[in-house]
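A structural walkthrough
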Amino acid sequence: MGLMDIRTRVEAAESAAGRPVGSTRLIAVSKVQPLERVESVLVEGHRVFGENKVQEAQGKWPAFRERFDDVELHLIGPLQTNKARAALDLFDVIHTLDRAKLATTLARLAQETGTCPPLFVQVNTGEEPQKAGVLPREADAFVQLVREMDLPVEGLMCIPPADEEPSLHFALLAKIAARNGLTGLSMGMSSDFEQAIALGATHVRVGSAIFGDRIYA
């Protein structure tokens, strides 16, 4: 596997779903990946990456951005409110808006700075107690709350339960997005991104299938 293989599979999935080629943003999830692996994907020409932690991204991406133009960085992991200012400085898109306190903090910082990256609301489609995200039945009200704060909510994000059919969760996320007039769907990872594309994903988050297995300390 590797970047070119995944790009080919993304395009094939788009075509199979009757969608325009290039309508899905491929986020290369570079969390906990050695710098040389990340650099090799950059050298291949890819520019859209995802990180889980603000601190890890701070230590990795400023140097890469000095060498490679047009890098687009997505935060796909939980965001603590005390890291919100740093996240706004570093990330181009945030996929994990999951609670009112964080929305309030982002709104305040957006007022201070005059800018805020596009945001995705994370929905806990499986209603798993250990997982972040608003519950499906609370998603409409939360999206409305975020809009009332003048935050740029672009779409929804989910991480299906590992032991359930992911397509059911992708379909649920798409239904919630549609009734709220949201066009962004951040869903699908290495094992199920083709199913996500078939159900309308605009962003897929693929890590190990591009970089290889993660090496944890």
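Refer to the structure above for everything that follows.
Residues numbered from 1 in each chain as written. Predicted model: local features only at pLDDT ≥ 70, side-chain atom pairs only at ≥ 80, totals over all residues. Heavy atoms only, no water.

1. Brief notes about the overall build of the protein chain
Scanning the protein chain from N- to C-terminus turns up 9 helices and 8 strands. Rg of the C-alpha trace for the protein chain: 17 Å, near the compact-globule value of 17 Å for 217 residues, within the 12% margin. For the C-alpha atoms alone, the extent of the protein chain along its principal axes is close to 40 × 40 × 35 Å. Of all 217 residues assigned to the protein chain, the portion counted as buried reaches 52%. Residue pairs at least 24 apart in sequence account for 59% of intrachain contacts in the protein chain once pairs closer than 6 positions are excluded. Put simply, the protein chain shows about 10100 Å² of open surface, and 51% of that area lies on carbon and sulfur atoms. (Helix = DSSP H or I, 4+ residues; strand = E, 2+ residues; numbered from the N terminus. Rg over C-alpha atoms; globule rule 2.2 N^0.38 Å. Buried < 20%, exposed > 50% of the residue type's maximum accessible area, 1.4 Å probe, protein only. Contact = heavy atoms within 4.5 Å. Areas by Shrake-Rupley, 256 points an atom, 1.4 Å probe, with all protein chains shown as cover.)

2. Quick look at unusual backbone geometry
A positive phi angle, close to 65°, is found at Asp70, a residue other than glycine. Note that Asp70 resides in the loop between α3 (54–67) and β3 (72–75). With a relative accessible area of 68%, Asp70 lands in the exposed category. Unlike most non-glycine residues, Asp150 shows phi in positive territory, near 60°. Looking at the secondary structure, you find Asp150 in the loop between α6 (139–148) and β6 (153–157). Note on Asp150: relative accessible area 66%, which makes it exposed.

3. Describing the pairing of strand β1 (residues 25–29)
Judged by how many residues are buried, β1 sits mostly within the fold: 4 of 5 residues are covered. Summarising the sheet, β1 and strand β2 (residues 48–51) pair through 2 bridges and their orientation is parallel. Looking at the pairing, Ala28 lines up with Phe49 of β2. Crossover handedness for the path β1 to helix α2 (residues 35–43) to β2: right-handed. (Pairing = 2+ DSSP bridges. Right-handed = clockwise from strand over helix to strand, strands pointing away.)

4. Observations concerning the packing of α2 against α3
For any two helices packed against each other, one specifies the inter-axial angle together with the distance between the axes. Orientation of α2 relative to α3, taken along the N-to-C sense of each, is 30°, at an axis distance of 12 Å. In this view, α2 runs roughly parallel relative to α3, as classed from their interaxial angle. As for the relative orientation of α2 and α3, their crossing is right-handed in sense. Where α2 approaches α3, its residues Leu35, Val38, Glu39 and Leu42 are matched on the opposing element by Lys60, Trp61, Phe64 and Arg67. Class assignment for the residues of the contact of α2 with α3 results in 5 nonpolar, no polar and 3 charged. (Axes fitted to C-alpha atoms, helices over the stretch in contact; angles between N-to-C directions. Parallel < 35°, antiparallel > 145°, perpendicular 65-115°, else oblique. Left-handed = near helix turned anticlockwise from the far one by under 90°. Nonpolar A, V, L, I, M, F, W, Y, C, P; charged D, E, K, R; others polar.)

5. Re the environment of Arg99
Topologically, Arg99 is positioned in the loop between β4 (93–97) and α5 (100–113). Each C-alpha atom, one on Arg99 and one on Val146, is 9.6 Å from the other, the two residues being 47 residues apart in sequence. When sequence neighbours within four positions are dropped, the list of residues in contact with Arg99 reads Leu79, Gln80, Thr81 and Phe142. At 2.8 Å, the side chain of Arg99 forms a polar contact with the backbone oxygen of Leu79. (Polar contact = N/O pair within 3.5 Å; in protein donor to acceptor, adjacent residues only side chain to side chain.)

6. Brief notes about the pattern of salt bridges
All told, the structure shown has 12 salt bridges when counted by the stated rule. Two residues, Arg108 and Glu112, come together in a salt bridge whose shortest N-O distance is 3.2 Å. Placement of both Arg108 and Glu112 in helix α5 is noted, with a separation of 4 residues, approximately one turn of the helix. Taking relative accessible area as the criterion, Glu112 reaches 47% and is therefore assigned partly exposed. The salt bridge partner of Asp140 is Arg179, with a shortest N-O separation of 2.9 Å. Highlighted residues: Asp140 in helix α6 and Arg179 in helix α7 (residues 166–179), separated in sequence by 39 residues. Taking the relative accessible area as the measure of exposure, Asp140 reaches 29% and is therefore partly exposed. On the basis of relative accessible area, Arg179 is assigned to the partly exposed category, the value being 47%. In this structure, a network of salt bridges that share partners links the residues Glu51, Glu56 and Lys60. (Salt bridge = Lys/Arg side-chain N within 4 Å of Asp/Glu carboxyl O.)

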